[in-house]
Amino acid sequence: MVGLTKSNALFESAAKVLPLGVTSNFRYWGPAKTRYIERGKGAHLWDVDGNRYIDYRLGYGPAILGHSDERVDNAVSEAIRLGQNFAMSTTLEQEVARKIVAMCPGVEMVRFTTSGTEATMHAIRLARAYTRREKIIMFEGQFHGLHDYVMFTSAIGGDVHSSRYSPVAIPVSSGIPEAVRNLVIMLPFNDLEALEDEVEQSWHEVAAIIVEPILGNCGGILPEPGWLELIRRMCDENGIVMIMDEVKTGFRVARGGAQEYFGVTADLVTYAKALGNGYPVAAFGGKRDLMEQIGQGVSHGGTFAGNRVGMAAANATLDILANTNALECVAERGRELQAAITEILERTRLPFTVSGHPSMFSFWFSEEAPKEYRDWLVSNRTLYEEVATGLIERGIMPEPESREPWFMCAAHTQQDISDTANALEDTLREVLHSVAAKYAFV
Ligand SMILES: Cc1ncc(COP(=O)(O)O)c(C=O)c1O
């Protein structure tokens, strides 16, 4: 079991200058459990107390090649000697843009940002300008970053939620203007009928349908056959811009992301995370006629847009992804881990499902594979969290909450998979013995 003496002391001092002792609310795990990390290498992390973890969070996805990949780090070190930011163009920008255009179906032009949040914000603005409409359709369980336009849910916890048939967009933070809420139409993911009905009623007000092609913020739920195709058709028939938010799936599920994997091309696409293997870089791009609105009255910019660190990291990462079998390795390790988890959970006789793309998937304590956010809400999340917490105690690091998928990287080894499987068996034995009255474990 891991000791966290130094992390605990750091938390105490950090909380004096950083709200909750962290720089992102999602990193707060309470005073006793909030970790401070010293370093990461490959698929492993070391905290300040010297505990080692096999990392399946990977910084919420970015480290597709593994932490501190030497090829990427060397490219960044070399590039930064030339200076960082000049508020003028560098050749790297067009090199990276050309690589994205070559790899990603339907992407004819791109612009860079520094975070996924900015990328979705700019894509939505562009869609609004292009269509001269203001509303957006988004789906339950998605996350598109921390700008006001997308910070909504429609179901909080297991009990308090709006009807599935007429979801109410509920802000997930104080400080979001009511006027913004009126611009959001929330629908269940994977519900073809609900989408068709809504578009029939509201198409003339809808600028964009923004969709995470795989619910990367709800365990990696996959789209049902026909779902992405229907969104494409609804957009085509009604002059709506289809925005695929590939911040999690981009340069992960395939070289050309979910667009390539599912064979559906959006009008605008957003990328971040794996694009720079952990360095801060993001992008939005898409069809030429839409993207060319930028500069014709549509604004986009940013002091750090196209910064050299991010560009050098993206340039090196894309080269590796394009020219090696890194993504095939990621998927192969993922399949091995999915199989190991399935084999172990079968022996517990608990209802469970393992679902998602091999590079970002989760398991659920429920009879059927979840198709949407509300299925996740009614799965046995408490049991999942107990298991995840037990794994972290044993040096295996998934996100404690089951909304975040398990992320695989090219640096995970078969040894990592078998260590993870052993830890899962131990954890389940302990967790299920402690609730033996409810469950039978053989
Ligand atoms: C699908 C999706 N879009 C957008 C974002 C926001 O990206 P960032 O955290 O880089 O602002 C995230 C972050 O997790 C995401 O998962």
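All chains use their own residue numbering, which begins from 1 and follows the written sequence. Given that this is a predicted model, residues contribute local features only at a pLDDT of at least 70 and side-chain atom pairs are listed and counted only at 80 or more, while totals for whole chains, interfaces and linings are drawn from all residues.

(A) Summary view of the overall build of the protein chain. Strands are runs of DSSP state E lasting at least two residues, helices are runs of H or I lasting at least four, and both sets are numbered from the N terminus onward. Broken down by element type, the protein chain carries 14 helices and 18 strands. Relative to the compact-globule value of 22 Å for 442 residues, the protein chain shows a C-alpha radius of gyration of 22 Å, a close match. In terms of overall dimensions, the protein chain has C-alpha extents of about 65 × 55 × 45 Å along its principal axes. The globule rule used for comparison is 2.2 Å times the number of residues to the exponent 0.38, while the radius of gyration itself is calculated over C-alpha atoms.

(B) View of the sheet that holds strand β12 (residues 241–245). Here, strands pair whenever DSSP counts at least two bridges between them. Strand order in the open sheet made by the seven strands is β4-β14-β13-β12-β11-β5-β10, with mixed pairing throughout. The two strands at the open ends of the sheet, each matched to only one other strand, are β4 (109–113) and β10 (184–187). Across this sheet, the average inter-strand angle for adjacent strands is 20°, counted without regard to direction. For strand β5 (residues 135–139) and β10, the ladder comprises four bridges, and the chain directions are parallel. Note on method: axes are straight lines fitted to C-alpha atoms, helices fitted across the in-contact stretch only, with angles between N-to-C directions ranging 0 to 180 degrees.

(C) Examining helix α13 (residues 381–393) more closely. Helix span, as expected, comes to 1.5 Å for every residue beyond the first. For α13, with 13 residues, the first-to-last C-alpha span of 18 Å sits near the 18 Å given by 1.5 Å per residue. Contact between two residues is assigned whenever their backbone-derived C-beta positions fall within 7 Å. Residues of α13 that are buried sit in contact with β17 (396–397) and α14 (414–434). One or two steps after α13, the chain reaches Gly395, where phi turns positive at roughly 85°.

(D) Quick peek at the site of the ligand. In the vicinity of the ligand there are 16 residues, among which Ser115, Gly116, Thr117, Gly145 and Val247 approach most closely. Of the residues forming the shell around the ligand, the biggest block, three residues, is contributed by helix α4 (residues 116–131). Looking at the shell around the ligand residue by residue, the classes come out as five nonpolar, eight polar and three charged. As used in this record, a residue near a molecule or strand is one whose C-beta atom, placed from the backbone, is within 6 Å of it. Residues were grouped as follows: Ala, Val, Leu, Ile, Met, Phe, Trp, Tyr, Cys and Pro as nonpolar; Asp, Glu, Lys and Arg as charged; and all remaining residues, including Gly, as polar.

(E) Broad picture of the packing of α13 against α14. Following both chains from N to C, one finds α13 and α14 inclined at 125°, their axes separated by 9 Å at the closest point. Between α13 and α14, the angle falls in the class oblique. The two elements α13 and α14 meet at a crossing, and its hand is right-handed. Touching Glu386, Val387, Gly390 and Leu391 of α13 are Ala423, Leu424, Thr427, Leu428, Glu430 and Val431, all from α14. An angle counts as roughly parallel when it lies under 35 degrees, as roughly antiparallel when it exceeds 145, as roughly perpendicular when it falls between 65 and 115, and as oblique in every other case. Here a crossing is called left-handed whenever its near helix is offset anticlockwise from the far helix by less than a right angle, and right-handed whenever the offset is clockwise.

(F) Examining the nonpolar core more closely. We define a nonpolar core as a collection of buried residues of the types Ala, Val, Leu, Ile, Met, Phe, Trp, Tyr and Cys that are connected via C-beta atoms lying within 7 Å of each other. For every residue, the other C-beta atoms within 10 Å of its own C-beta are counted; 20 or more classify it as buried, 12 or fewer as exposed, and values in between as partly exposed. C-beta atoms are placed from the backbone. Ala127, Ala208, Ile209, Val241, Ile243, Leu268 and Cys409 are the most contacted members of the largest nonpolar core, which totals 124 residues. Residues within four places of Leu268 in sequence aside, it is in contact with Ala123, Leu126, Ala127, Val241, Ile243, Phe284, Gly286 and Leu290.

(G) Looking closely at the environment of Val281. Relative to the helices and strands, Val281 resides in the loop between β13 (268–271) and β14 (282–286). Take Val281: there are 29 C-beta atoms within 10 Å of it, and that puts it in the buried class. Along the sequence, Val281 and Tyr271 sit 10 residues apart, while their C-alpha atoms lie 8.6 Å from each other. For Val281, the residues in contact, after removing those within four places along its chain, are Phe112, Thr114, Leu275, Gly276, Gly310, Met311, Ala313 and Ala314.

(H) Up close: the sheet that holds strand β15 (residues 353–357). The three strands are arranged β15-β16-β18 in an open sheet whose pairing can be described as antiparallel. Two strands lie at the open edges of the sheet, namely β15 and β18 (406–407), each paired on one side alone. In the sheet, β15 pairs with strand β16 (residues 360–364) via five bridges, with the strands oriented antiparallel. By the bridge assignment, Ser355 is partnered in β16 with Ser362. Together, β15 and β16 form the strand contacts of helix α11 (residues 326–348), whose direction differs from that of β16 by roughly 5°.

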